[in-house]
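Below are the chains, spelled out letter by letter.
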Amino acid sequence: MIWTAEDDARDTLVPRLMRMGADLDRIHFIEEAIPAGAKSRPFNPAIDMPALVEKAKAIGDVDLLILDPVVAAVPMSRNSHNKAESRNGMQPVIDFAKASDIAVLGIGHLTKGTVGKDPLERLNGSGAFGALPRIVIGAAKNEAEGDDEPERIMVRIKSNIGPSGGGFGYPIDMVPLLEQPDIEATRIVWEHELKGTAIELMKRGRGRDGQSFKAG
């Protein structure tokens, strides 16, 4: 199940999924909520998570929910830069994961101009976005020079269920889809294994736009 306020499903996400060989029958995009006795409206993760529990049950055999951006799960009445308010605002997401027995992947961004700091402190928003997840992974363009340097890096920033640090280098390539040659789509190609601490590796990533984090 995917909810996103960042990318269009038809123009961007579906071509990428096709390029990666996904079974589109197993992908469900969350777009609308239909309150009882009311007209449909855009899905709002800040208030509609309880209804999503029932929808997941109706679909059956759901393994993963993706929220992009995860900060949208915090109601506007709460301050997403305050740890206590963010934690309380994210509780419906945690309740959804427990009630549905489904993994949740939240996507966010890193704060600009913070290269060199502890990567957990670089997450946009309050410290709750780093404290609540079991695993936090960061991605960035690589500015280190050298023929053997990867174009981009993915780093394990935090893990409560395994070691932290390390990661992989990767480029993103774009080619026409075999099924629809008039549509070009991207995919990630995993290449280099990276060793080192999260702070060491993330120093290689640039401090401007293009960085993101994924929390699960």
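Residues numbered from 1 in each chain as written. Predicted model: local features only at pLDDT ≥ 70, side-chain atom pairs only at ≥ 80, totals over all residues. Heavy atoms only, no water.

1. Digging into the side chain of N142
Then step 1. Here N142 is to be found in the loop between β6 (135–141) and β7 (152–159).
Then step 2. Relative accessible area serves as the criterion here: at 12%, N142 is assigned to the buried category.
Then step 3. A polar contact of 2.9 Å, which involves the side chain of N142, links it to the side chain of E149.
Then step 4. A polar side-chain atom of N142 sits 2.9 Å from the main-chain carbonyl oxygen of P150. (Helix = DSSP H or I, 4+ residues; strand = E, 2+ residues; numbered from the N terminus. Buried < 20%, exposed > 50% of the residue type's maximum accessible area, 1.4 Å probe, protein only. Polar contact = N/O pair within 3.5 Å; in protein donor to acceptor, adjacent residues only side chain to side chain.)

2. Things to note about unusual backbone geometry
Then step 1. Along the chain, D68 connects to P69 via a cis peptide bond; the corresponding omega equals 5°.
Then step 2. Positionally, P69 belongs in the loop between β4 (64–68) and α3 (83–89).
Then step 3. Positive phi, normally seen in glycine, also occurs at D61, with a value near 55°.
Then step 4. With relative accessibility at 58%, the residue D61 sits in the exposed group.
Then step 5. The backbone of D101 sits at a positive phi, close to 55°, despite the residue not being glycine.
Then step 6. By relative accessible area, which is 69% here, D101 ends up exposed.

3. Points about the environment of I59
Then step 1. With respect to the helices, strands and loops of the structure, I59 is situated in helix α2 (residues 49–59).
Then step 2. Judged by its relative accessible area of 27%, I59 falls in the partly exposed class.
Then step 3. Among all residues touching I59, those that are not within four sequence positions of it are M1 and H28. (Contact = heavy atoms within 4.5 Å.)

4. What to know about the packing of aromatic side chains
Then step 1. Tallied over the full model, the rule gives three aromatic pairs.
Then step 2. Here the aromatic rings of Y170 and W190 are separated by 5.2 Å at their centres, their planes lie at 65°, and the arrangement is edge-to-face. Highlighted residues: Y170 in strand β8 (residues 167–170) and W190 in the loop between β10 (184–188) and β11 (193–194), separated in sequence by 20 residues.
Then step 3. The class for W190 is partly exposed, based on a relative accessible area of 47%.
Then step 4. Connected via pairs of aromatic rings, a cluster forms that spans F168, Y170 and W190. (Phe/Tyr/Trp six-rings, centres within 6.5 Å; stacked < 30°, edge-to-face > 60°.)

5. Brief notes about the pattern of salt bridges
Then step 1. Evaluated as defined, the whole model comprises seven salt bridges.
Then step 2. Of the charged contacts, one joins D63 and R26 as a salt bridge, the two residues approaching to 3.7 Å between their closest N and O atoms. Highlighted residues: D63 in the loop between α2 and β4 and R26 in the loop between α1 (9–19) and β2 (32–33), separated in sequence by 37 residues.
Then step 3. Here D48 ties to R41 by a salt bridge, and the two come within 2.8 Å at their closest N and O atoms.
Then step 4. For D48, a relative accessible area of 7% puts it in the buried group.
Then step 5. Counted as one network, the salt bridges with shared partners bring together R19, D173 and R187. (Salt bridge = Lys/Arg side-chain N within 4 Å of Asp/Glu carboxyl O.)

6. Things to note about helix α4 (residues 91–100)
Spacing of three or four residues puts side chains on the same side of an α-helix, whose turn is 3.6 residues.
Then step 1. If you check which residues of α4 are buried, you get V93, F96 and S100. Buried residues along α4 cover an arc of 55° about the axis, so they all sit on one side.
Then step 2. In this fold, the buried residues of α4 make contact with α2, β4 and β5 (103–109).
Then step 3. Just beyond α4, the residue with positive phi is D101, at close to 55°. (Arc of directions from axis to C-beta.)

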